[in-house]
Each structure stands twice: as C-alpha cells, then as structure tokens.
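# Chain and residue survey
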Amino acid sequence: MKLNNIKYIVAALVVAIGVSSCNKDDDGGVVITPPVQIDFSGTFVQVDQMGRPGINTVFNPTDDAKNSFNVTIPSEQGVTFQPAFLQRLNDLHAAFGVTYENNILGLDAATLTTILATDVLWVAPDGPTTYFDGTNVLTGRGLSDDVIDISLTLMFGGMNGDRFSGQDLDGDGVEDLPLLVRDGVPSSVNALASFPYLEAPNM
C-alpha cells in the first residue's frame, strides 16, 4: 500500500513539473520547455565566511589578509591568524597611549584573540542562544543581539565594559579615550514568535 502511494506521489510530481514547464506560443500551441540543467562539474572553492561579524574587518589590517582569512578553514585559522590578531589588538590600544586591560570576562589579550581568530559561532544546545547576555557568552547569536557593540565591549571595554567611553581622564575638558565600546547604531531587530521570526525590513 505504501509503495502504491509513493508511485502516485511521484506520478503527480512528474505531471506537475510537466505542466509548469509548458508555455503557449504565439499561435496558442503548447511549447514544452526543457528543465534547467545545473552544471555541478568543476572545482568549487570557498570565497567568504562570517561566523562573527566584524572580526575579519577589525583584526586583519590588509585586503590580502582579509581575503586569506575568508578562505582558511576554521580549524586552521587560530594558529594562522591569532598572532596577527594579538598584535592588532595591542596596536589599537597603543594608538591611544594605553595597553589592553583584561575585559569583562577576565580574558587577557592572548586568550581573547585566540577565541576570535577561529571564526565560528559556538552553539549551546541546552542553554540560551546569545552572543552575550551578561552571563552567557558566545553560546550562539540571538536575532536581537547587538553583536558589534558586544564585540567592541569585549575588545575595548576593559574590566568594567566602559573603558573606551569617551571619558576625560585628566579633567581638561577634552576626552582622552574615544568612544569605542559601541557603534552608535541601535539594535532595532524585534524577533517574532513564528517563522520567519524577523519583522519587516526598515525602508
């Protein structure tokens, strides 16, 4: 009985595909359009990837480095790119006359750049999905997570998360450290309860 049902389903699909492939010509006759053939021959290569948005942009200083990062498989990214990531993080702090300060997670520069150099999103199957919610860290990426602000805070926020907040350290009325812990773009995504989970795009 089940085999017969499968035969009927397949037959219905064949008829449906045949009908959808038919067009009328100018004389009202039926023209059969052959199905599109997809060519899977050749060699396919990876050209881009983005587990964590902005990491490649910030930490790889040249276009060649960015392109190389995009085509390196994650299992090889850490050993290949972590030293350059560490140097870049230290250089960004040195540009403002300060050294990196362990961040709100207690991560030193070497540990943070080791984590970020492998460009994958971790998944916590039995926990909340969040980039950072104050307790859980990098257990996925929620639709409403402001991943850029979180990344900036982990990189520049120091122990309290607000180190580079445009503060005037010497009281002369001029900010000594720029605002680097947020990008100023609000996260306006409101996740819906049903598919496709995202609200209509802003126009």
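Note: the structure precedes this text.
All of these numbers come straight from a predicted model, not from anything done at the bench.

This brings us to a nonpolar patch on the surface. A surface patch of nonpolar side chains, about 550 Å² in accessible area, is lined by Val36, Ile38, Phe40 and Phe44. Structurally, the position occupied by Val36 is in the loop between strand S2 (30–32) and helix H2 (55–59).

Bringing the side chain of Thr139 into the picture now. Within the secondary structure, Thr139 is located in the loop between helix H5 (109–117) and helix H6 (147–156). Among all residues touching Thr139, those that are not within four sequence positions of it are Trp122, Val123, Ala124, Pro128, Thr129 and Thr130.

The subject of this paragraph is the packing of aromatic side chains. Across all of its chains, the model carries 5 aromatic pairs by this definition. Measuring from ring centre to ring centre gives 5.0 Å for Phe69 and Phe81, while their planes differ by 85 degrees; the resulting arrangement is edge-to-face. Of this pair, Phe69 sits in helix H3 (residues 63–70) while Phe81 sits in helix H4 (residues 74–94); the two residues are 12 residues apart in sequence, bridging distant segments of the chain. Here Phe69 and Phe81 have matching classes, each one buried. Aromatic pair Phe69 and Phe85: ring centres 5.7 Å apart, planes at 35 degrees, arrangement tilted. A residue pair is termed long-range when its members are at least 10 positions apart, and Phe69 in helix H3 and Phe85 in helix H4 qualify at 16 residues. The two residues Phe69 and Phe85 agree in class, both being buried.

Parameters and conventions
Residue numbers restart at each chain and count upward from 1, following the sequence in its written direction. Where totals are concerned, whole chains, interfaces and linings use all residues; where local detail is concerned, this predicted model gives features only for residues with pLDDT of at least 70, and gives and counts side-chain atom pairs only at 80 or more. No hydrogens and no water enter the side-chain calculation; it runs on all heavy atoms of the structure. A patch consists of residues whose relative accessible area exceeds 30% and which take part in no salt bridge; residues with like charges are grouped when within 9 Å of each other, and nonpolar side chains (Val, Leu, Ile, Met, Phe, Trp, Tyr) when within 5 Å. Note that accessible areas follow from Shrake-Rupley with a 1.4 Å probe, and for residues the cover is restricted to the protein chains shown. The salt bridge definition used is simple: a Lys or Arg side-chain nitrogen within 4 Å of an Asp or Glu carboxyl oxygen. By the criteria applied, helices consist of DSSP H or I runs no shorter than four residues and strands consist of E runs no shorter than two, each listed in order from the N terminus. Contact between two residues is taken to exist if any of their heavy atoms lie within 4.5 Å; hydrogens are not considered. Each Phe, Tyr or Trp ring, with Trp reduced to its six-membered ring, pairs with another whose centre is within 6.5 Å; inter-plane angles below 30 degrees give stacked pairs, above 60 give edge-to-face pairs, and intermediate values give tilted ones. Throughout this description, buried means an accessible area under 20% of the type-specific maximum (1.4 Å probe, protein chains only), exposed means over 50%, and partly exposed covers the range between.

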